Amino acid sequence: KQEVTQIPAALSVPEGENLVLNCSFTDSAIYNLQWFRQDPGKGLTSLLLIQSSQREQTSGRLNASLDKSSGRSTLYIAASQPGDSATYLCAVRGVKTSYDKVIFGPGTSLSVIP
Amino acid sequence: DVKVTQSSRYLVKRTGEKVFLECVQDMDHENMFWYRQDPGLGLRLIYFSYDVKMKEKGDIPEGYSVSREKKERFSLILESASTNQTSMYLCASSYSYKGSGYTFGSGTRLTVV
């Protein structure tokens, strides 16, 4: 059964720092991995989608990498800003998961201090 | 701009009421999903649909039903609302091909009193 974990559960950094959020999954047979951002009381906003054949995806200050063999993905945020404060979730779409359902990690709560 | 629209941001209902949560997507997605999100429990799948009039139970279907009469609309129904159904409800949709990602709506915060 696919399990997805995210470490750390919470992270606080000063503005301007570069940071890395981690996502681990137990079954490497995946179609893709997606990173989301969630602001308090809001829905999930898709940040990056990495297909299983890809190693990384970039959007602005965000870079997500995927190492399927080790069951890991990282989300790199460059030059963090207070507006980056949110909860970040990763989601894995597994080959062995019925009906294309994804498995979500528990999220990392990020605070960027001005 | 592609969208998943949930009809209400906030709802307050009384115990025992029948509650309808509506979700509409404009991307011609085959798959649609309903989740609830609670502190410490993460996202839990209630029901999903992979085609019109088709539905499958998720992890926590008890106390809920769904309806998908048109491809773009997926409704979640609380037959008799209870206080333990107070939660954030999130709708999502995706294409059926394996490489597709999910698009989420903005959520409905439901309070049952």
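Not measured: the values here are computed from a predicted model.

A. Inspection of the sheet that holds strand β3 (residues 19-25) of chain A at higher detail. Residue and element names in this part refer to chain A. Pairing within the open sheet is antiparallel, and its five strands lie in the order β1-β3-β8-β7-β6. With partners counted over all chains shown, the strands left at the sheet margins are β1 (4-7) and β6 (56-59), one partner each. In this sheet, neighbouring strand axes are inclined to one another by 15° on average, regardless of whether the strands run parallel or antiparallel. Sheet topology places β6 next to strand β7 (residues 62-67); four bridges connect them, and they run antiparallel.

B. Structural detail: the interface of chain B and chain A. Each side of the interface is counted separately: chain B has 24 residues, and chain A has 19 residues. For the pair chain B and chain A, the two sides together bury roughly 1,700 Å², of which 54% comes from carbon and sulfur. On the chain B side of the interface with chain A, the three residues burying the most area are Lys-98, Tyr-102 and Phe-104 of chain B, jointly 33% of the side's total. Viewed at the interface, chain A and chain B are joined by zero salt bridges. Seen at the junction of chain B and chain A, the total is eleven residue pairs in polar contact (both at pLDDT 80 or more).

C. The side chain of Gln-85 of chain B, seen in detail. Residue and element names in this part refer to chain B. Turning to its location among the elements, Gln-85 is positioned in the loop between β8 (73-78) and β9 (87-94). Take Gln-85: its relative accessible area is 4%, and that puts it in the buried class. A polar contact is formed between the side chain of Gln-85 and the backbone oxygen of Gly-63, at a distance of 3.2 Å. Gln-85 has contacts with Arg-36, Gly-63, Tyr-64, Leu-78, Ser-80, Leu-110 and Val-112, leaving out every residue within four places of it along the chain.

D. Structural detail: the nonpolar core. Within the largest apolar cluster, 22 residues are counted, with the highest numbers of intra-cluster contacts made by Phe-25, Leu-33, Trp-35, Leu-75, Ile-77, Tyr-88 and Leu-110 of chain A. Every element with two or more residues in this core is listed here: β3, β4 (30-38), β5 (44-51), β7, β8 (72-77), β9 (86-94) and β11 (108-113) of chain A. One finds Val-4, Val-66, Phe-74 and Leu-76 of chain B within the second-largest nonpolar core, a separate group that totals 21 residues.

Conventions used here
The residue count restarts for each chain, going from 1 along the sequence in the order it is written. Labels are handed out in written order, letters beginning with A for the chains and numbers beginning with 1 for the ligands. Local features in this predicted model are restricted to residues of pLDDT 70 or higher, and side-chain atom pairs are both shown and tallied only at a pLDDT of 80 or more, whereas totals for entire chains, interfaces and linings draw on every residue. Each side-chain value is derived from all of the structure's non-hydrogen atoms; neither hydrogens nor water enter the calculation. Paired strands, in this sense, are two strands between which DSSP finds at least two bridges. Under the scheme used here, helices are H or I runs from DSSP no shorter than 4 residues and strands are E runs no shorter than 2 residues, and both carry numbers assigned from the N terminus. To obtain an axis, a line is fitted to C-alpha atoms, over the contacting stretch when the element is a helix, and the angle between two such axes runs from 0 to 180 degrees between their N-to-C directions. The contact definition used throughout considers only heavy atoms, calling two residues in contact when any of these lie within 4.5 Å. The term buried area means the drop in 1.4 Å probe accessible area that two parts suffer when joined, counted for both and summed. We define a salt bridge as a contact between a side-chain nitrogen of Lys or Arg and a carboxyl oxygen of Asp or Glu at a distance within 4 Å. Pairs of N or O atoms within 3.5 Å make up the polar contacts considered here, provided that, within protein, one atom can donate a hydrogen while the other can accept it, and that residues adjacent in sequence are counted only when both atoms are side-chain atoms. Three exposure classes are used, based on accessible area relative to the maximum for each residue type with a 1.4 Å probe and protein chains only: buried under 20%, partly exposed in between, and exposed over 50%. Throughout, nonpolar core names a set of buried Ala, Val, Leu, Ile, Met, Phe, Trp, Tyr and Cys residues whose side chains join them through atoms within 4.5 Å.

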